[in-house]
Amino acid sequence: MQISCNTDGVAGRKIIHTRAVSMDNDVHRSVLLRASRRPDHTNYSFEIKDGGDGFLGGDKSSSEYPMKVIWKRGFVRLLLVGGILWMLLILVVLLFHIWTCQSSLVFLSAICNKDSTVFQMLHTMGLVTPQHRCSIPLANDPEKVVIPEKKSPSNFVQSLSYFEEDDASTNGSQSSPLFGGHQSWKQREDSFKLRSSMKVHCGFMKNGGAEMSPKDVEYVKKCKFVVASGIFDGYDTPHQPSNVSPRSKKLFCFLMVVDEVSLNFIKKNVSVRDEEWVGIWRLILFKNPPYDEPRRNGKVPKILTHRLFPQALYSIWIDGKMELIVDPLLMLERYLWRGKYTFAIAQHKHHKNIYEEADSNKRRKRYARPLIDHHMKIYRYEGLEPWNPLKQTKSDVPEGAIIIREHTPLTNLFSCLWFNEVNLFTPRDQLSFGFVVYRLKGNFKFFMFPNCEYNSIFILHPHTREHSSKIEWVKSLNEFKGNNSGLKESRGGLGLWAPYPADLNSVILPPVARTSKAG
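Draft legend 1. View of the overall build of the chain. In terms of regular secondary structure, the chain is built from 17 helices and 12 strands. Counting across all 519 residues of the chain, residues that qualify as buried make up 47%. A separation threshold of at least 6 residues defines the contact pool for the chain, and within that pool the share at least 24 residues apart is 81%. Counting every atom, the chain has about 28300 Å² of accessible surface; 57% of that belongs to carbon and sulfur.

Draft legend 2. Main features of helix α14 (residues 369-381). Counted at 1.5 Å a residue, the expected span for α14 with its 13 residues is 18 Å, and the 18 Å between its end C-alpha atoms agrees. Listing the buried residues of α14 in full gives Pro370, Leu371, Ile372, His375, Met376, Ile378 and Tyr379. Downstream of α14 by a residue or two, glycine 383 has a phi angle that is positive, lying close to 100 degrees.

Draft legend 3. Inspection of the nonpolar core at higher detail. Core analysis: the biggest nonpolar cluster contains 73 residues, and Leu255, Phe309, Phe343, Phe414, Trp418 and Phe433 have the highest contact counts within it. Among the elements that line this core, the one with the most residues is helix α15 (residues 409-424), at nine residues. In contact with phenylalanine 433, not counting residues within four places along its chain, are Phe343, Ile345, Asp396, Pro398, Phe414, Trp418, Phe446 and Met448. Counting 40 residues, the second-largest nonpolar core is a separate cluster that includes Leu283, Leu324, Ala401 and Phe458.

Draft legend 4. Up close: the packing of helix α13 (residues 354-363) against α14. Between α13 and α14, the shortest axis-to-axis distance is 9 Å and the interhelical angle comes to 170 degrees. The orientation of α13 relative to α14 falls into the category roughly antiparallel. Two secondary-structure elements touch here, α13 through Ile354, Tyr355, Ala358, Asn361 and Lys362 and α14 through Arg369, Ile372, Asp373, Met376, Tyr379 and Arg380. Residue composition of the contact of α13 with α14, by class: six nonpolar, one polar and four charged.

Draft legend 5. Spatial organisation of the state of the cysteines. Inspection of the entire model under this criterion finds three disulfides. Residue pairing for cysteine 223: its cysteine sulfur links by disulfide to cysteine 253, the two sulfurs lying 2.2 Å apart. On the sign convention where negative is left-handed, the bridge of cysteine 223 and cysteine 253, at about -90 degrees about the S-S bond, is left-handed. In this pair, cysteine 223 is assigned in the loop between α7 (214-220) and β3 (225-231) and cysteine 253 in strand β4 (residues 252-258), connecting sequence segments 30 residues apart. Each member of the pair, cysteine 223 together with cysteine 253, is buried.

Draft legend 6. Inspection of the packing of α13 against helix α16 (residues 430-439) at higher detail. For the pair α13 and α16, the least separation of the axes is 9 Å and the interaxial angle reads 165 degrees. In terms of orientation, α13 lies roughly antiparallel with respect to α16. Judged by the twist between their axes, the crossing of α13 over α16 is left-handed. Judged by residue contacts, Ile354, Glu357, Ala358 and Asn361 of α13 engage Gln430, Leu431, Gly434 and Phe435 from α16. Broken down by class, the residue content of the contact of α13 with α16 amounts to four nonpolar, three polar and one charged.

Draft legend 7. Expanded view of the environment of tyrosine 379. With respect to the helices and strands, tyrosine 379 occurs in helix α14. Tyrosine 379 gets classed as buried once you look at its relative accessible area, which sits at 0%. For the pair tyrosine 379 and tyrosine 355, spaced 24 residues apart in sequence, the C-alpha to C-alpha distance is 9.7 Å.

Draft legend 8. Geometry of the pairing of strand β9 (residues 343-347). Most of β9 sits out of view: five of its five residues are buried. Pairing geometry for β9 and strand β10 (residues 398-406), over five bridges, is antiparallel. Note that in β10 the partner of glutamine 347 across the bridge is proline 398.

Draft legend 9. Up close: the pattern of salt bridges. Applying the stated criterion across every chain, the model contains 22 salt bridges. A salt bridge links glutamate 382 to arginine 439; the shortest N-O distance between them is 3.1 Å. Of this pair, glutamate 382 sits in the loop between α14 and β10 while arginine 439 is found in helix α16, placing the two residues 57 residues apart along the sequence. Residue glutamate 382 shares its accessibility class with arginine 439, and that shared class is buried. When salt bridges that share partners are traced, they join Arg188, Glu189, Glu382, Glu421 and Arg439 into one network.

Draft legend 10. Summary view of the side chain of serine 262. Residue position: serine 262 is located in helix α9 (residues 260-269). For serine 262, a relative accessible area of 0% translates into the label buried. Separated by 3.5 Å, the side chain of serine 262 and the backbone nitrogen of phenylalanine 232 make a polar contact. A polar side-chain atom of serine 262 sits 2.8 Å from the main-chain amide nitrogen of glycine 234.

Draft legend 11. Up close: unusual backbone geometry. Located in the positive-phi region is aspartate 274, a residue other than glycine, with phi close to 55 degrees. Here aspartate 274 shows up in the loop between α9 and β5 (277-278). Residue aspartate 274 is classed as exposed on the basis of its relative accessible area of 57%. With phi around 70 degrees, glutamate 275 is a residue other than glycine that occupies positive phi space. Overall, the relative accessible area of 56% leaves glutamate 275 in the exposed class.

Draft legend 12. Structural view of the packing of aromatic side chains. On inspection of all chains with the given rule, the structure shows 33 aromatic pairs. Between phenylalanine 225 and tyrosine 314, the aromatic rings sit 5.3 Å apart at their centres with planes inclined by 20 degrees, giving stacked as the arrangement. Of this pair, phenylalanine 225 sits in strand β3 while tyrosine 314 sits in strand β7 (residues 314-318), placing them 89 residues apart in sequence. Taking relative accessible area as the criterion, tyrosine 314 reaches 4% and is therefore assigned buried. When the ring of tyrosine 335 is compared with that of phenylalanine 447, the centres are 6.1 Å apart and the planes differ by 35 degrees; the resulting orientation is tilted. Of this pair, tyrosine 335 sits in helix α12 (residues 328-337) while phenylalanine 447 sits in strand β11 (residues 447-449); the two residues are 112 residues apart in sequence, bridging distant segments of the chain. Taken as a pair, tyrosine 335 and phenylalanine 447 share a single burial class, namely buried.

The rules we used
- Residues numbered from 1 in each chain as written.
- Predicted model: local features only at pLDDT ≥ 70, side-chain atom pairs only at ≥ 80, totals over all residues.
- Heavy atoms only, no water.
- Helix = DSSP H or I, 4+ residues; strand = E, 2+ residues; numbered from the N terminus.
- Buried < 20%, exposed > 50% of the residue type's maximum accessible area, 1.4 Å probe, protein only.
- Contact = heavy atoms within 4.5 Å.
- Areas by Shrake-Rupley, 256 points an atom, 1.4 Å probe, with all protein chains shown as cover.
- Expected span 1.5 Å × (residues − 1).
- Core = buried A, V, L, I, M, F, W, Y, C linked by side-chain atoms within 4.5 Å.
- Axes fitted to C-alpha atoms, helices over the stretch in contact; angles between N-to-C directions.
- Parallel < 35°, antiparallel > 145°, perpendicular 65-115°, else oblique.
- Nonpolar A, V, L, I, M, F, W, Y, C, P; charged D, E, K, R; others polar.
- Disulfide = S-S within 2.5 Å.
- Left-handed = near helix turned anticlockwise from the far one by under 90°.
- Pairing = 2+ DSSP bridges.
- Salt bridge = Lys/Arg side-chain N within 4 Å of Asp/Glu carboxyl O.
- Polar contact = N/O pair within 3.5 Å; in protein donor to acceptor, adjacent residues only side chain to side chain.
- Phe/Tyr/Trp six-rings, centres within 6.5 Å; stacked < 30°, edge-to-face > 60°.

Printed below as a string of structure tokens:
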């Protein structure tokens, strides 16, 4: 029995030994297999050793290799995370900008910079819509507004005079004197070249019409600060300004220019004091209107305010259909003195491009369509490009119903040149404004303020009747021939019929897209 046990023990030990040997062989084969899969670092290790770092140097290099990989991967991830966070930040800022610009709260609306490139970009993309009205950053108290003691310096033009005798022979005509004169194409071209001393056409030619009574002439001599308006052909009645401070009532003359038709209409429908006063407005009778079209007659006091009231230092023009609701002294401080401007006008709500505005005028039947096209072809031939963001101005098209001016020589010159374009071509002054700015080559600086502020200056009242003129419905030049030749204006827009000193047949107008249903 004992022998049997020993024999079994020996056999068990042999089996255990055999299994251990087998496991060792398996481990050895596994190690060899792993070693065969690794890159050969032998040469690299010996190179390090030869360099004097020994085997320790080889071990250090092997440990740095995975660390470099980790650092590279970490840096790439850091860039990706940083880029994502930066894009999220930009998105948040844009969303905040959109929110403030669309907010009806005064505080948030004031944060929005409607003149910024970001806002213009968002508007172009259709992400924001300009507000119809917004708060105007006016000074708090008209009594504390400081009026400049000196006139603004006049750059480029120091002396400005006007042609007063109409030379009808300049265009080969022997007709009677015209209010705007018979300006030749060469005289027009020379008038855009700025010089220290200049003499230009500027309406009010002798025996050309548009006279005031001696009584009115004497009255306006005392007017240094003027709020002017006008009503022609009985389309409106005077609307009394509100929020006018006691200081402004003493400082400003409120002058309403009217023709005889409008004066008679006003007397029948509104209480008139002493034959010449309607509330705060002093009525100024415009005798012998110079044009056939009431719209064109209205451009005289609107654009040539400095000629109608030559003693005025500052003027604010507001169309007759509007009720002024902002103190005029605060307007001068906001739009002229604060930014050291001499001319301010609002940006058009829908259009920046003159050619788009012309297309809108044709659709709305504001004047004869072929004559508007001829007008625009002249401007295109003379180099006027469609508006783009690279231009120096915010827009080529203004809202002309409110104009704020200091009567400096350069500002007066601009008004004369603007009026000459209205006199020569269509009476749509919005089509001529940007062209004159372009021809003066950036030398005329002005403030074009946001349209939403413009809409906050007044309350708009409807006309007493709708204006309509037969010439506005003309679709082709053939309609002016034969029995319809009387559609032509006899005293205005003559540049549309005079031979232009170049071939306009090859001129192609830029394509336009309707940017607004309202426009």
